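One letter stands for each residue in the lines below.
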Amino acid sequence: MTTAEPRPIGLYLHVPFCKAKCLYCDFYSMPAGEETKDAYTSALCRAIDEADPLCDTVYFGGGTPSQLGTARLTALLSHIRRTPDCEVTLECNPGDADSLDFRALAAAGVNRISMGLQSANDAERRALGRRSDAATVRRAVALARAAGITNLSLDLMLGIPGQTAESLAKSIDFCLALEVPHISAYLLKIEDGTPFAAMRDRLALPDEDTVCDDYLQTVEALTAAGLRQYEISNFARPGFESRHNLKYWRCEPYLGLGPAAHSFLDGRRFYYPRDLQAFLDGRPPIPDGAGGDPAEWLMLRLRLMEDVTDAAFAARFGRPLPAAFRQSAERFARQGLMTVTDGAAALTPAGCLLSNPIIGALTESAAEIDTN
Ligand code: SF4
């Protein structure tokens, strides 16, 4: 598989290893020994060499990429052709920080680190099955900074069993006190097949209204602290938005390598199945059809707080947004769920809470475009 992309793309590397599974997680990951990690690193290096993409963003996601350790991560980076300003993000388990050499990682190109805090309340973290405590997260942030990596992101989770408005406020304050320039705030979703799904009835889950209040409380607190909401679940100081993740939402090309990794390249989507052995054996990805049509573009773009405009749509598809889109957006604006100014539409925080039905209704208007 080779890429004929004339411009730099994003590269996602999935690392399917975790020390233990968190109770809510359905990402493709498993515990692994050193031999398996070595074999996987070699397989990834081969896949990178074969595709040989020029990258302006690289994202080590998982799973727990930090479980690979410094030597394997730097080896992988040595195989990736990068632009001088390439953003290289490493998802890092705070508990791995002491065993990583952040200076060596920074020298190899890592310039952004994303860590899972979920909650600063250790009882809430334990309820999720997370291993490290808030003090470990604080220490990991300090270690990364001491190595010169200052573009840091923390994950927060809303809707955790036992979470209250007060404990959420403390978690937000914990992040703000660390002065990280990026925070992701996700709602806990109970995924089928996870331990949480099996114990759903016994979990002290907050009700829907409480979770909505929690979300609005989070948006308000982070915005007041200068972190602009730029996507439904993501907040950043200006200039610290995740350039890699913006590619997903803007329907720009990226290559994903590793089991469970998805790609959008040359207008086509394809993915590797959730099968580590298949990837180690060098089996090719599975085609998933064409991508980037007007409906998909709208569906992804509406997640961003960037205005959806005639100009942006026309730049991509050579025609204006359909009248049906504008009419639907104005209807949602009258309900306080969107803003529409001079034809530029975006979700409000209240609209973000209903993003699925709203985006579904708005993308239906894309059908009109396709039949024009
Ligand atoms: S560390 Fe992340 S990927 Fe691993 S099990 Fe926990 S939530 Fe899932």
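About the criteria used
Residues numbered from 1 in each chain as written. Predicted model: local features only at pLDDT ≥ 70, side-chain atom pairs only at ≥ 80, totals over all residues. Axes fitted to C-alpha atoms, helices over the stretch in contact; angles between N-to-C directions. Helix = DSSP H or I, 4+ residues; strand = E, 2+ residues; numbered from the N terminus. Parallel < 35°, antiparallel > 145°, perpendicular 65-115°, else oblique. Left-handed = near helix turned anticlockwise from the far one by under 90°. Contact = placed C-beta atoms within 7 Å. Nonpolar A, V, L, I, M, F, W, Y, C, P; charged D, E, K, R; others polar. Buried ≥ 20, exposed ≤ 12 C-beta atoms within 10 Å, placed from the backbone. Right-handed = clockwise from strand over helix to strand, strands pointing away. Pairing = 2+ DSSP bridges. Near = placed C-beta within 6 Å. Core = buried A, V, L, I, M, F, W, Y, C linked by C-beta atoms within 7 Å. Domains from an automatic or database assignment.

A.B. asks: Can you break down the packing of helix H6 (residues 165-178) against helix H8 (residues 208-224) residue by residue, with the values?
C.D. replies: Relative orientation and spacing of two packed helices are given, respectively, by the angle between their axes and the distance between those axes. Running from N to C, H6 and H8 point in directions that differ by 30°, and their axes come no closer than 11 Å. By the angle class used here, H6 and H8 are roughly parallel. Relative to H8, the crossing made by H6 is right-handed. Contact residues: Ala-165, Leu-168 and Ile-172 in H6; Asp-213, Asp-214, Gln-217, Thr-218, Ala-221 and Leu-222 in H8. Along the lines of polarity and charge, the residues of the contact of H6 with H8 split into five nonpolar, two polar and two charged.

A.B. asks: Please set out the environment of Ala-47 residue by residue, giving values where relevant.
C.D. replies: Locating Ala-47 in the fold gives a position in helix H1 (residues 34-51). Note on Ala-47: 21 C-beta atoms within 10 Å, which makes it buried. Through-space distance from the C-alpha of Ala-47 to that of Leu-304 is 31 Å; in sequence the pair is 257 residues apart.

A.B. asks: Can you break down the pairing of strand S2 (residues 54-62) residue by residue, with the values?
C.D. replies: For S2, the tally of buried residues reaches eight of nine residues, placing the bulk of the element in the interior. Regarding topology, H1 serves as the crossover connection from strand S1 (residues 9-15) to the parallel S2, and that connection is right-handed. The pairing of S2 with strand S3 (residues 81-92) spans six bridges and is parallel. Note on S3: the bridge partner recorded for Phe-60 is Leu-90.

A.B. asks: Lay out the site of the ligand with the relevant residues and their values.
C.D. replies: In the region of the ligand, the neighbouring residues are Cys-18, Lys-21, Cys-22, Cys-25, Phe-27, Ser-29, Gly-62, Gly-63, Thr-64 and Asn-93. Classifying every residue of the shell around the ligand by side-chain character gives four nonpolar, five polar and one charged.

A.B. asks: Give me the lowdown on the nonpolar core, citing residues and values where you can.
C.D. replies: Among the nonpolar cores identified, the biggest contains 89 residues, and Leu-11, Leu-13, Leu-156 and Ile-183 are the most heavily contacted of them. Each of two domains, domain 1 (9-247) and domain 2 (292-372), supplies a minimum of three residues to this core. Setting aside anything within four residues of it in sequence, one finds Leu-13 in contact with Leu-44, Phe-60, Leu-76, Leu-257 and Gly-258.

A.B. asks: Describe in detail the domain arrangement of the protein chain, supporting the description with residues and values.
C.D. replies: Each domain of the protein chain was delimited in the assignment, giving domain 1 (9-247) and domain 2 (292-372). Measuring from the centre of the C-alpha atoms in domain 1 to the corresponding centre in domain 2 gives 29 Å. Put simply, the parts of the chain that give the side of domain 1 that touches domain 2 at least two residues each are H8 and strand S7 (228-231). Among the elements that make up the side of domain 1 that touches domain 2, the one with the highest residue count is H8 (four residues). Classifying every residue of the side of domain 1 that touches domain 2 gives six nonpolar, one polar and one charged.

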